[in-house]
Amino acid sequence: PDSPYQFEAATTAGERVAWRGRVSADPLHSDGELVLANLDLARLSPYYHTLVRGELRSALLDVSGRYTLDLASGAPVVTLADGAVTLRDVRFGAP
């Protein structure tokens, strides 16, 4: 049977991840909603700085949507729906 679960965490910088959904072990399946809010992309610059010209001084990212993950057939099948992406407060500077 499906079991409902919920998880939420936040950083001291105000970044937030929240998940709410169901998980089933037989067959292996999960569906639910995922929210990533206020992700500070400028703080992550050590991971992508070689891909960007200039300095990303500010950028906040929000991502949300519903998903279905089915592993019953052995090969993972992922379906995404009702997704939203918001990028705000974007500021670049010279390198």
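Summarised in this report is the structure supplied together with it. Fair warning: this is a prediction, and the values are worked out from it, not measured in the lab. (Residues numbered from 1 in each chain as written. Predicted model: local features only at pLDDT ≥ 70, side-chain atom pairs only at ≥ 80, totals over all residues. Heavy atoms only, no water.)

## Digging into the overall build of the protein chain
The helix and strand inventory of the protein chain stands at 1 helix and 5 strands. Secondary structure elements of the protein chain, listed N to C terminal, follow the sequence β-β-β-α-β-β. A compact globule built from 95 residues should have a C-alpha radius of gyration of about 12 Å, whereas the protein chain, at 17 Å, is more than 25% larger. Expressed along its principal axes, the backbone C-alpha trace of the protein chain runs to roughly 55 × 30 × 20 Å. For the protein chain, the proportion of its 95 residues judged to be buried stands at 19%. (Helix = DSSP H or I, 4+ residues; strand = E, 2+ residues; numbered from the N terminus. Rg over C-alpha atoms; globule rule 2.2 N^0.38 Å. Buried < 20%, exposed > 50% of the residue type's maximum accessible area, 1.4 Å probe, protein only.)

## Quick look at the pattern of salt bridges
What the rule picks out here adds up to 7 salt bridges. Across the pair Arg88 and Asp62 runs a salt bridge, and its minimum N-O distance is 2.9 Å. Here the residue Arg88 occupies a position in strand S5 (residues 77-93), and Asp62 occupies one in strand S4 (residues 55-70), the gap between them amounting to 26 residues. Overall, the relative accessible area of 26% leaves Arg88 in the partly exposed class. The residue Asp82 makes a salt bridge to Arg66 at a minimum N-O spacing of 2.7 Å. A residue pair is termed long-range when its members are at least 10 positions apart, and Asp82 in strand S5 and Arg66 in strand S4 qualify at 16 residues. (Salt bridge = Lys/Arg side-chain N within 4 Å of Asp/Glu carboxyl O.)

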